[in-house]
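Descriptive analysis of the structure
Residues per chain, in single letters:
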Amino acid sequence: MNKKIIKIGIVFLNILYSFYKLAGQNNQLLIVSRQSDEPSIDIRLIKAIIENVGHIDVKVMCRHKSSDTSFDLSYFRYMSGPLMREFARSKVVLLDGYCIPASILKHRRNLKIVQMWHAMGAFKKFGYELVGKQEGHSEELAQLMRMHKNYDYVLVSSKACIKPMSRAFGCDESIIKVLPPPKVDFIKWEPYKLQAASDIKSVYDIQDKKLILYAPTFRRDGREVEYMRALADAIDYDKYNLVIKPHPISEYPNDCKGAILDRQFSSTHWLSVCDAVVTDYSAFILEAAISGKPIYRFVPDIEEYEDVRGFFDGVLDEFPGEAFKDAAQMIRAIDNQNCDMDKVAAFADKYLEDGDNAAREVVIFLESLVDEE
């Protein structure tokens, strides 16, 4: 997009925002996501707890947008209208990804913006770690859009994530706070797991076979669809159910006969019923490790992926689960239960700070920010 047009657009949005701010603030927490049109598990848990508090209003705004740079008139209207109005009314804004208004607008001094990144851990490079590289944005665009600026706090799942996340967000380590996301409760607490399993079984007949969950990461070239087909072709459906959960912005293949291509439940929900997890470079690997599931990595493009995207230092060697380029070979490993569960546990321990009630701890922190004078 033209640099001059972007600058004019930012000036226009800030002028418009100044009028929105005239209306004053409410005692409001605004939760913003562009990962999906529906609230994530993290958002639903936070909202449920805060609504029981009583003295804080909570507003959730979810609108999917896959690209930071492509112009979408419908999204622009949403961003410049209802989204910016709620920014102006709020005392605290909680994000789970990059949000254009958070970075480019001149906010009230007392507005607190908290980044709770949607992916746990710190594995694949993103943000400023990719600036100027094939998978990232240009340095000029990152500066122009003030990418990941204006954050008062960044929440991470463990101390091991502090340094890499500070580099990815281009922020000082002092604003990073270790507070695991609420979804940890959903993964670990028995009532949540039982309810998730019940919900899934009411929709799918999965009682009689072991279930393999395949959750590949998104690739800009769309090649993950090819790998979904390869894995679906290698499965013995007399022995296994295969559930494929593409990344939210990935395509769904239409020719994986025998596999369940689910759009109704999250990958986190499927952890309640699966017997093994297949992934690659996705941060979902940490969720699988926390749940104590055997993990296998299907990585036909490992060398290429390292070149175009890359990982934070040393992470790839720490990943649990043996890596396979051949789907049939990986299925044989699953047949033989060849997974080092001690390595799975060690990985979970390093990248998740242990806590008794992750959702409540996050809410207590957000409440403290809303209540600040």
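In this report, the structure presented in the accompanying data block is examined. This is a predicted model, so every value here is computed, not measured.

Glancing now at the sheet that holds strand β7 (residues 210-214). Strands sit in the order β9-β8-β7-β10-β11-β12 across an open sheet of six strands; the sheet is parallel. In the strand order of this sheet, the two ends are held by β9 (260-261) and β12 (323-324), each with one partner. Examined bridge by bridge, strand β11 (residues 295-298) and β12 share two bridges and lie parallel to one another. Bridging across to β12, R297 finds its partner in A323. Across the face of the sheet, helix α14 (residues 327-335) comes into contact with β7, β8 (240-244), β10 (276-279), β11 and β12 while running at roughly 175° to β11.

Our next topic: the packing of aromatic side chains. This model, assessed by the stated rule, comprises 22 aromatic pairs. Between Y281 and Y305, the ring centres sit 4.1 Å apart and the planes meet at 15°, which makes this aromatic pair stacked. With Y281 in the loop between β10 and α11 (284-290) and Y305 in helix α12 (residues 302-308), this pair connects stretches of sequence that are 24 residues apart. As far as burial versus exposure is concerned, Y281 and Y305 are alike and both buried. Site record: aromatic cluster; members linked through ring pairs are F123, Y281, Y305, F311, F319, F347 and Y351. Sitting above the plane of the Y252 ring, R263 keeps its charged end 3.8 Å from the centroid.

Applying the stated criterion across every chain yields a total of zero disulfides. Not engaged in a disulfide, the cysteine C99 finds its nearest cysteine sulfur in C62; these two sulfurs lie 11 Å apart.

This part is about unusual backbone geometry. Glycine aside, residues mostly have negative phi, and peptide bonds are mostly found in the trans state. Positive phi values are uncommon outside glycine, yet R146 reaches one of about 50°. Along the chain, R146 turns up in the loop between α5 (139-144) and β5 (153-156).

Within soluble globular proteins, side chains that are nonpolar generally end up buried alongside one another. Ranked by internal contacts, the top residues of the largest apolar core, which has 111 residues, are F87, L231, L242 and W270. Take this core: its biggest share by element is seven residues, from helix α3 (residues 73-89). Not counting the four nearest positions on each side in its chain, L242 is found in contact with I212, Y214, L231, A232, I235, Y237, A259 and I260. Listed in part, the 20 residues of the second largest apolar core include C62, V92, L155 and L179.

Definitions and cut-offs
Residues numbered from 1 in each chain as written. Predicted model: local features only at pLDDT ≥ 70, side-chain atom pairs only at ≥ 80, totals over all residues. Heavy atoms only, no water. Pairing = 2+ DSSP bridges. Helix = DSSP H or I, 4+ residues; strand = E, 2+ residues; numbered from the N terminus. Contact = heavy atoms within 4.5 Å. Axes fitted to C-alpha atoms, helices over the stretch in contact; angles between N-to-C directions. Phe/Tyr/Trp six-rings, centres within 6.5 Å; stacked < 30°, edge-to-face > 60°. Buried < 20%, exposed > 50% of the residue type's maximum accessible area, 1.4 Å probe, protein only. Lys NZ or Arg CZ within 6 Å of the ring centre and 35° of its normal. Disulfide = S-S within 2.5 Å. Core = buried A, V, L, I, M, F, W, Y, C linked by side-chain atoms within 4.5 Å.

Purely geometric stuff here, so don't read any function into it on its own.
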